[in-house]
Amino acid sequence: MNQHLVDEAATLHAGAALGRALARQTAFVTFQGELGAGKTTLVRAALRALGHDGPVRSPTYTLIESYPLSGGQVHHLDWYRLGGASDLDGLGFRDLLAPGHSVMVEWPERIPLIADHADLAVTLTYAQDARVLSAVAKTDVGVQLLAAWMTEIA
Ligand SMILES: Nc1ncnc2c1ncn2[C@@H]1O[C@H](COP(=O)(O)OP(=O)(O)OP(=O)(O)O)[C@@H](O)[C@H]1O
Ligand SMILES: [Mg+2]
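Going along each chain's sequence as written, the residues are numbered from 1 onward. By the order in which they are written, chains take letters starting at A while ligands take numbers starting at 1. In view of the model being predicted, local features appear only for residues whose pLDDT reaches at least 70, and side-chain atom pairs are presented and counted only at 80 or more, with totals across whole chains, interfaces and linings using the full set of residues.

Caption draft 1: Examining the overall build of the protein chain more closely. A run of DSSP states H or I qualifies as a helix once it reaches four residues; a run of E qualifies as a strand once it reaches two. Both are numbered from the N-terminal end. Looking only at helices and strands, one finds 5 helices and 7 strands in the protein chain. Listing each helix as α and each strand as β along the protein chain from the N terminus yields β-α-β-α-β-β-α-β-α-β-β-α. A globule of 154 residues ought to have a C-alpha radius of gyration of about 15 Å, and the protein chain, at 14 Å, matches this closely. Dimensions of the protein chain, computed from C-alpha atoms along their principal axes, come out at roughly 40 × 30 × 30 Å. Around each residue's C-beta, the other C-beta atoms within 10 Å are counted; 20 or more make the residue buried, 12 or fewer make it exposed, and counts in between make it partly exposed. All C-beta atoms are placed from the backbone. Taken across its 154 residues, the protein chain has 36% of its residues classed as buried. Contacts in the protein chain between residues at least 24 apart in sequence constitute 70% of all its contacts with a sequence separation of at least 6. A radius of gyration in this sense is built from C-alpha atoms; the matching globule rule multiplies 2.2 Å by the number of residues raised to 0.38. Two residues qualify as a contact pair if the distance between their C-beta atoms, derived from the backbone, is within 7 Å.

Caption draft 2: View of helix α2 (residues 39-49). Burial analysis of α2 places 9 of its 11 residues in the buried class, the great majority of the element. All of the buried residues along α2 are K39, T40, T41, L42, V43, R44, A45, A46 and L47. On its buried face, α2 sits against α1 (8-24), β2 (28-32), β3 (64-69), β4 (72-78), β5 (102-106) and β6 (120-127). Just past α2, the residue G51 takes up positive phi, approximately 105°.

Caption draft 3: Inspection of the pairing of β5 at higher detail. Of all 5 residues in β5, 5 are buried; the element is thus mostly enclosed. Going residue by residue along β5, you find S102, M104 and E106 tucked away on one face and V103 and V105 tucked away on the opposite face as well. Examined bridge by bridge, β2 and β5 share 4 bridges and lie parallel to one another. Residue pairing in the sheet places F28 in a bridge with V103 of β5. Pairing between two strands requires that DSSP report at least two bridges joining them. Pairing between β4 and β5: 5 bridges, direction parallel. Opposite L77, over in β5, you have V105 as the bridge partner.

Caption draft 4: Local environment of the packing of α1 against α2. Following both chains from N to C, one finds α1 and α2 inclined at 45°, their axes separated by 7 Å at the closest point. Taken together, the axis directions place α1 and α2 in an arrangement best described as oblique. Relative to α2, α1 is oriented so that their crossing is right-handed. Here E8, T11, L12, A14, G15, A16, L18, G19, R20 and L22 of α1 lie close against α2, whose contacting residues are T41, L42, V43, R44, A45, A46, L47, R48 and A49. Residue type decides the class: Asp, Glu, Lys and Arg count as charged, Ala, Val, Leu, Ile, Met, Phe, Trp, Tyr, Cys and Pro as nonpolar, and the leftover types, Gly among them, as polar. Considering only residue class, the contact of α1 with α2 consists of 11 nonpolar, 4 polar and 4 charged. To obtain an axis, a line is fitted to C-alpha atoms, over the contacting stretch when the element is a helix, and the angle between two such axes runs from 0 to 180 degrees between their N-to-C directions. For classification purposes, angles smaller than 35 degrees are called roughly parallel, those larger than 145 roughly antiparallel, those between 65 and 115 roughly perpendicular, and all remaining angles oblique. Crossings are sorted by hand: turned counterclockwise from the far helix by less than a right angle, the near helix makes the crossing left-handed, and turned clockwise it makes it right-handed.

Caption draft 5: Region of interest: the sheet that holds β2. Taken in spatial order, the 7 strands line up as β1-β7-β6-β2-β5-β4-β3 in an open sheet, and their pairing is mixed. Here the strands that pair on one side only, and so sit at the sheet edges, are β1 (2-5) and β3. For this sheet the average axis-to-axis angle between neighbouring strands, irrespective of direction, equals 15°. The pairing of β1 with strand β7 (residues 130-137) spans 4 bridges and is classified as antiparallel. Bridged to Q3 within β7 is L133. Strands β1, β6 and β7 of the sheet are contacted by helix α5 (residues 140-153), whose axis makes an angle of about 145° with β7.

Structure, rendered in structure tokens:
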């Protein structure tokens, strides 16, 4: 899936659509892209669509922000500052991947061995002042989620 996101509003629209898709299918989703590419913007819109109405802080320093939403827990992580997989042990990362939970990770390339288990891999790239969004499903869950996202985004 490839989408041209002309401005921040387009990123918010895509993120909200992802949130509506995640309401039907929980998943482990990674968000790759350079600094400022729009990863947190996308996640923020998804969380809003999932029913979260407070602020969404970037978990760059806290590593994780968890949101207890009506459809289940949603965990937002940023691995930018992680040294390696052992830094995730204290978080009980495996438990986060429980059924009924969704996990959204920025900077997945910091820990490829864990990121490889994602259901859906999202990439944001700069296109002059705009962005290009691409998404690749890596599991059956990811295929379902991506199909729902494409329906919701249209
Ligand atoms: N499609 C778009 N076109 C232009 N600007 C955009 C678009 N989408 C988001 N932006 C802007 O780009 C910035 C993205 O910031 P954001 O914090 O979401 O990036 P990030 O990828 O999470 O960065 P970091 O790697 O630091 O976590 C914001 O200023 C936002 O307004
Ligand atoms: Mg971010």
